[in-house]
Amino acid sequence: MAANVYEGMYILDSNRYLRDSDGVTNQIESMIRKAGGEVLVSRLWEERRLAYPIKGQRKGTYWLIYFRLESGRINEIKRECQITDGILRTLFLKVDPRIVDAVVAHAQTAVPGGETSPAPRPAVEEPVVDALDDEEVEE
């Protein structure tokens, strides 16, 4: 089967993440590697209050990860996420092959909190305004 690039959004238990952030994120990445995948980008998205409690939690830490994996193996990761205590919810999306490079590059340069790092702005020249003569136009 062909390997696809996936975007994975994980909602993690904030308390568990704060106690052992490296352990939780390494666990996610090891799930993907164990299934034969390759992690492209893995980073914190943000921490926020949930719209409704999930497994008794009112706050969640969002973790974004892009990975390459054979399409038939994605169900292994989904199943393992369901039985892992620190993961409250997951969402996996297949990334269109035409935009993989742009999406991964953007994820690498984004700042946690959902904002992107400011790009340098090009210098803008002052607009040229033609001066009009004070003379009236005769018809």
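Below or above, wherever it landed, is the structure these notes cover. (Residues numbered from 1 in each chain as written. Predicted model: local features only at pLDDT ≥ 70, side-chain atom pairs only at ≥ 80, totals over all residues. Heavy atoms only, no water.)

1. Focus: the overall build of the chain
For the chain, the helix and strand inventory stands at 4 helices and 6 strands. By the burial criterion, 35% of the 139 residues in the chain qualify as buried. Within the chain, contacts between residues at least 6 apart in sequence are counted, and of these 73% link residues at least 24 apart. When the accessible surface of the chain is split by element, carbon and sulfur atoms take 48% of a total near 9,900 Å². (Helix = DSSP H or I, 4+ residues; strand = E, 2+ residues; numbered from the N terminus. Buried < 20%, exposed > 50% of the residue type's maximum accessible area, 1.4 Å probe, protein only. Contact = heavy atoms within 4.5 Å. Areas by Shrake-Rupley, 256 points an atom, 1.4 Å probe, with all protein chains shown as cover.)

2. A short note on the sheet that holds strand β3 (residues 57-70)
In a beta sheet, neighbouring strands pair by backbone hydrogen bonds and run either parallel or antiparallel. Strand order in the open sheet formed by 4 strands is β2-β3-β1-β4, with antiparallel pairing between adjacent strands. Either end of the sheet is taken by a strand with one partner, and the two such strands are β2 (38-54) and β4 (87-94). With strand direction ignored, the average angle separating the axes of adjacent strands in the sheet is 20 degrees. Note: β2 against β3, 11 bridges, orientation antiparallel. Residue pairing in the sheet places Arg 49 in a bridge with Lys 59 of β3. Relative to the sheet, helix α2 (residues 21-34) contacts β1 (3-13), β2, β3 and β4, its axis offset from that of β3 by approximately 30 degrees. Where helix α4 (residues 100-109) meets the sheet, its contacts fall on β1, β2 and β3, and the angle it forms with β2 comes to roughly 65 degrees. (Pairing = 2+ DSSP bridges. Axes fitted to C-alpha atoms, helices over the stretch in contact; angles between N-to-C directions.)

3. A closer look at the packing of aromatic side chains
According to the stated counting rule, one finds 4 aromatic pairs in the structure shown. With a centroid separation of 5.7 Å and an interplanar angle of 85 degrees, the aromatic rings of Tyr 10 and Phe 92 are classed as edge-to-face. Placement of the pair is Tyr 10 in strand β1 and Phe 92 in strand β4, with a sequence separation of 82 residues. Residue Tyr 10 shares its accessibility class with Phe 92, and that shared class is buried. Site record: aromatic cluster; members linked through ring pairs are Tyr 6, Tyr 10, Phe 67 and Phe 92. (Phe/Tyr/Trp six-rings, centres within 6.5 Å; stacked < 30°, edge-to-face > 60°.)

4. What about the pattern of salt bridges?
Taken as a whole and assessed by the stated rule, the structure comprises 7 salt bridges. Put simply, Arg 48 and Glu 46 hold a salt bridge, and the shortest N to O gap is 3.4 Å. Using a relative accessible area of 42% as the deciding quantity, one classes Arg 48 as partly exposed. A salt bridge links Arg 98 to Asp 96; the nearest nitrogen and oxygen atoms lie 2.7 Å apart. (Salt bridge = Lys/Arg side-chain N within 4 Å of Asp/Glu carboxyl O.)

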